[in-house]
2 protein chains.
Amino acid sequence: MRTAAVVGTGLVGTSVALALTLRGVTVFLDDADTTAARTAEALGAGSLAVPPEPVDLAVLAVPPAHVGVVLAQCQERNLARCYTDVASVKARPYRDVLLAGGDASRYVGGHPLAGGERSGPLAARAELFEGRLWVLTPADRAERPALNSVLELVSLCGATPVIMDAEAHDRAVALTSHAPHLLSSLMAARLAEAEGDHVRISGQGLRDVTRIAAGEPALWGEILEANAEAVADVLQACAADLEHTIAALRALHGADGARRARAAADLDDALRRGNRGAGRVPRKHGSGPVEYTVVPVAVPDQPGALARLFATVSEAGVNIEDVSIEHAVDQPSGLVELTVERSSTEEVRRLLDAHGWTLQDRAPLTGHR
Amino acid sequence: MRTAAVVGTGLVGTSVALALTLRGVTVFLDDADTTAARTAEALGAGSLAVPPEPVDLAVLAVPPAHVGVVLAQCQERNLARCYTDVASVKARPYRDVLLAGGDASRYVGGHPLAGGERSGPLAARAELFEGRLWVLTPADRAERPALNSVLELVSLCGATPVIMDAEAHDRAVALTSHAPHLLSSLMAARLAEAEGDHVRISGQGLRDVTRIAAGEPALWGEILEANAEAVADVLQACAADLEHTIAALRALHGADGARRARAAADLDDALRRGNRGAGRVPRKHGSGPVEYTVVPVAVPDQPGALARLFATVSEAGVNIEDVSIEHAVDQPSGLVELTVERSSTEEVRRLLDAHGWTLQDRAPLTGHR
């Protein structure tokens with residue numbers, strides 16, 4: 001890819017333009033909002049000139065509802081050889097492309113999973129997509145060169161491509177983005193009219209649950225409108241669970257003992273299913289699951305011995321994640337099992353050994369647990 | 001306060017003990033779980049000895065359902081002159097205190113608004129409560145010395161006391177903590193059986209909304225049980241909004257134009273109420289609202305002028321939050337208004353002046369906006 005056009009110089013468009021410019025691609029910028037376009041240009045994202053010949057790829061970074069019409073217009077003026085967009089819904093924009101008479105053979109829909117609190121070109125950065133996923137939804141009639149051109153774009157932006165059907169993508173984001181957004185809004189809405197004293201009594205949990213409710217209503221209205229049925233399906237399942245949970249809460253202090261027990265079990269089940277689901281949410285890029293190992297140490301039954309053991313481990317700058325303490329009835333020392341990050345195990349063992357602690361193998365101690 | 005007892009050496013109890021020890025208070029620890037108690041002792045949180053005489057204050061850091069019975073037991077053995085607890089619900093534990101025959105004149109309920117992802121003494125730290133709120137719910141029959149003793153505890157832990165009725169506290173936390181927890185669980189539960197490919201397509205929003213759903217189900221079951229009616233009231237209001245929102249989503253693509261418009265307005269209203277509510281959530285301690293000012297600069301109509309202006313501001317390490325660009329029709333330069341943090345205004349103005357930019361007053365330019 002030598003040349004590209006970015007139509008729409010908001011956060012995502014300008015970030016794409018910055019990333020491509022950084023990789024040596026000549027980028028042409030276009031936005032009906034001249035302040036946004038000039039700002040992107042001044043940030044070094046590209047040029048406001050009209051490309052002298054069709055560019056290799058045009059990235060349409062416009063709201064979902066505009067993708068179809070803007071693509072048709074761009075193809076009309078022969079802006080690029082291939083086209084993609086960055087809208088966070090994919091089925092409806094593709095239908096719009098067909099309706100607007102666009103050439104679907106040279107278009108592959110895309111959705112980079114990246115964004116930010118702030119919008120607009122001033123919030124843009126070339127690294128916005130690094131390590132992120134970028135979903136591509138090539139339709140059957142999309143031709144190979146178009147797909148490869150968009151794959152190159154994703155690669156130049158440092159993201160990982162994921163190819164999906166547009167409908168599967170839309171059901172996925174209904175579940176992982178759009179329904180969570182509305183639930184966050186509904187919870188936050190409860191605070192809008194609450195007493196000030198009540199809202200004051202809150203912590204990180206409330207901040208986390210309601211953070212995305214601060215998103216731009218006009219933008220989110222467009223996104224939700226473009227994926228309304230899939231979002232409604234997810235929320236309907238939430239509503240059924242919610243009714244069930246409310247009924248359980250109401251029954252917890254009722255007179256009927258059997259019903260009370262059932263209500264407690266229902267509540268517990270809701271919390272446990274939530275636990276399982278939360279465990280499936282991908283962690284932040286680069287923060288994979290931490291693995292732990294257990295280091296067993298013999299600790300004499302003397303005052304201060306455990307404190308000295310902790311101090312030795314702290315000296316290594318290692319966090320003790322968990323501890324278990326067991327006494328062998330007929331021995332002058334107990335067994336302490338320290339749980340530490342696997343990557344620190346060797347250092348902890350070395351340090352404990354150097355300080356004269358007796359490291360134990362786990363095998364001879366089975367039966368204690 | 002010279003002496004204190006901490007009954008229950010989990011995260012909160014051990015953190016209280018560490019904070020008090022750090023301030024020179026002699027702390028006695030007690031926990032039925034001897035590993036937890038010995039771990040807290042080894043961390044320097046206090047002594048496992050039995051206090052030789054009644055301590056000034058005993059802090060009961062046990063689950064909500066145990067507060068009443070544990071208080072009565074402690075008073076039976078004359079552990080302390082005054083008592084408090086740290087349970088996150090307050091009305092029911094107080095009723096339990098009365099039921100268990102506890103002396104309510106020497107007890108003031110408390111709830112520090114602090115916690116953490118991890119539980120247990122190993123996660124404890126003396127600074128856990130610093131800058132946090134700590135709700136106190138003295139009942140009518142609580143005597144002044146008990147209240148003052150607990151106020152001293154809050155102060156020694158570096159927290160800010162808030163005095164409330166137990167019932168008002170419980171309604172507040174139903175709104176700001178317990179209902180959000182269940183909504184987070186319900187959303188996360190939708191992910192439990194979802195396709196792996198679908199869950200993979202997710203970002204920070206989903207992580208935030210579902211984070212608290214990872215909380216310990218047994219602990220949360222107890223909390224919710226102790227505040228069931230108030231939580232059900234909040235969730236009922238959410239459920240009504242949710243039904244309304246689902247109906248709006250379903251109607252967005254219907255045949256009836258008037259109904260479609262109403263549905264779009266309903267959806268917009270839900271998002272805007274969410275926006276307002278999210279704006280009322282207190283920010284993290286120490287991160288008050290940032291104030292901005294506008295710096296107007298005359299920028300010549302030359303290629304690269306805006307880029308040079310941005311570069312000058314970047315040189316000061318200052319973020320441009322917003323920009324507007326206007327052209328006066330009959331003048332050789334345009335007006336650029338930079339929005340920057342108020343605290344940086346003087347530095348930006350000085351730097352721009354030093355680089356030869358013409359700063360403008362806003363007054364003569366009214367009429368342009």
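Reading guide: rules and limits
Residues numbered from 1 in each chain as written. Chains lettered and ligands numbered in written order. Predicted model: local features only at pLDDT ≥ 70, side-chain atom pairs only at ≥ 80, totals over all residues. Helix = DSSP H or I, 4+ residues; strand = E, 2+ residues; numbered from the N terminus. Rg over C-alpha atoms; globule rule 2.2 N^0.38 Å. Buried ≥ 20, exposed ≤ 12 C-beta atoms within 10 Å, placed from the backbone. Contact = placed C-beta atoms within 7 Å. Least-squares fit on C-alpha atoms with pLDDT ≥ 70 in both. Nonpolar A, V, L, I, M, F, W, Y, C, P; charged D, E, K, R; others polar. Core = buried A, V, L, I, M, F, W, Y, C linked by C-beta atoms within 7 Å. pLDDT = per-residue confidence, 0-100. Pairing = 2+ DSSP bridges. Axes fitted to C-alpha atoms, helices over the stretch in contact; angles between N-to-C directions. Domains from an automatic or database assignment. Parallel < 35°, antiparallel > 145°, perpendicular 65-115°, else oblique. Left-handed = near helix turned anticlockwise from the far one by under 90°.

Draft legend 1. Just the overall build of chain A, in detail. A tally of regular secondary structure across chain A gives 13 helices and 11 strands. In terms of C-alpha radius of gyration, chain A reaches 28 Å, well past the compact-globule figure of 21 Å for 369 residues. Once the C-alpha set of chain A is aligned to its principal axes, its extents read approximately 90 × 60 × 45 Å. Taking all 369 residues of chain A together, 47% fall into the buried category. Within chain A, counting contacts between residues at least 6 apart in sequence, those at least 24 apart form 72% of the total.

Draft legend 2. Region of the structure containing the relation of the copies chain B and chain A. When chain B is brought onto chain A, the operation consists of a screw motion whose angular component is 180° and whose axial shift is 0.0 Å, with 0.0 Å RMSD remaining. A rotation of that kind, with that shift, is consistent with a two-fold axis. A shared interface surface links the copies, since 99% of the contact residues of chain B are contact residues in chain A too.

Draft legend 3. Molecular detail of the interface of chain B and chain A. In this assembly, 95 residues from chain B lie in contact with 94 residues from chain A. Take the side of chain B that touches chain A: its biggest share by element is 20 residues, from helix α6 (residues 166-192) of chain B. Considering only residue class, the side of chain B that touches chain A consists of 55 nonpolar, 22 polar and 18 charged.

Draft legend 4. Geometry of the nonpolar core. Core analysis: the biggest nonpolar cluster contains 238 residues, and Ala58 and Val231 of chain A together with Ala58 and Val231 of chain B have the highest contact counts within it. For Ala58 of chain A, the contacting residues outside a window of four places in its chain are Ala5, Val7, Cys74, Leu79, Ala80 and Tyr83 of chain A.

Draft legend 5. How the structure looks around the confidence of the model for chain A. Residues and elements named next belong to chain A. The predicted model of chain A has a mean per-residue pLDDT of 91, with 95% of residues at 70 or higher. Note on residues 363-369: pLDDT is under 50 here. Beyond four places in sequence and across chains, it has six contacts. Predicted complex metrics record ipTM = 0.84 and pTM = 0.85.

Draft legend 6. Looking closely at the sheet that holds strand β11 (residues 358-359) of chain B. Residues and elements named next belong to chain B. Here we have four strands laid out as an open sheet, ordered β9-β10-β8-β11, and antiparallel in their pairing. Looking at the sheet topology across the chains shown, the edges are occupied by β9 (322-327) and β11. Across nine bridges, strand β8 (residues 292-300) lies against strand β10 (residues 333-341) in antiparallel orientation. Bridge pairing links Val294 to Thr339 in β10. The sheet contacts of helix α13 (residues 345-354) involve β8, β10 and β11, and relative to β8 the element is tilted by about 10°.

Draft legend 7. A look at the environment of Asp31 of chain A. Residues and elements named next belong to chain A. Its place among the elements puts Asp31 in the loop between β2 (26-30) and α2 (34-42). With 18 residues separating them in the primary sequence, Asp31 and Gly13 have C-alpha atoms 9.8 Å apart. Excluding residues within four positions of it along the chain, Asp31 makes contact with Gly8, Thr9, Ala36 and Ala37.

Draft legend 8. Expanded view of the sheet that holds strand β1 (residues 3-7) of chain B. Residues and elements named next belong to chain B. Read from one edge to the other, the open sheet built from seven strands follows the order β2-β1-β3-β4-β5-β6-β7, with strand pairing classed as mixed. Two strands lie at the open edges of the sheet, namely β2 (26-30) and β7 (160-163), each paired on one side alone. Put simply, the sheet's adjacent strands are angled 25° from each other on average, direction ignored. As paired strands, strand β5 (residues 107-112) and strand β6 (residues 133-137) are joined by four bridges and run antiparallel to one another. In the strand pairing of β6, Gly110 is matched with Leu136.

Draft legend 9. Inspection of unusual backbone geometry at higher detail. All names here are of chain A. Of note in the backbone geometry, Asn78 takes a positive phi value of approximately 55° without being a glycine. Its location among the elements puts Asn78 in the loop between α3 (67-76) and β4 (80-85). Classification of Asn78 by C-beta neighbours within 10 Å gives exposed; the count is 10.

Draft legend 10. Spatial organisation of the domain arrangement of chain A. In terms of domains, chain A is made up of domain 1 (3-164), domain 2 (170-280) and domain 3 (292-365). Each of domain 1 of chain A and domain 2 of chain A has a C-alpha centre, and the two are 34 Å apart.

Draft legend 11. Focus on the packing of helix α6 (residues 166-192) of chain A against α6 of chain B. For the pair α6 of chain A and α6 of chain B, interaxial distance at closest approach is 11 Å and the crossing angle is 165°. Classified by the interaxial angle, the pair formed by α6 of chain A and α6 of chain B is roughly antiparallel. In terms of crossing hand, the pair formed by α6 of chain A and α6 of chain B is right-handed. Together, Leu175, Pro180, Leu183, Met187, Arg190 and Leu191 of chain A of α6 of chain A and Leu175, Ala179, Pro180, Leu183, Met187, Arg190 and Leu191 of chain B of α6 of chain B make up the contact between the two elements. Classifying every residue of the contact of α6 of chain A with α6 of chain B gives 11 nonpolar, no polar and two charged.

Draft legend 12. Here's a closer look at the packing of helix α3 (residues 67-76) of chain B against helix α4 (residues 91-99) of chain B. Residue and element names in this part refer to chain B. Interaxial distance between α3 and α4 falls to 7 Å at its minimum, and their mutual angle equals 40°. What the angle tells us is that α3 and α4 run oblique. Crossing angle aside, the handedness with which α3 passes α4 is right-handed. Where α3 approaches α4, its residues Val67, Gly68 and Leu71 are matched on the opposing element by Pro93, Asp96, Val97 and Leu99. Considering only residue class, the contact of α3 with α4 consists of five nonpolar, one polar and one charged.

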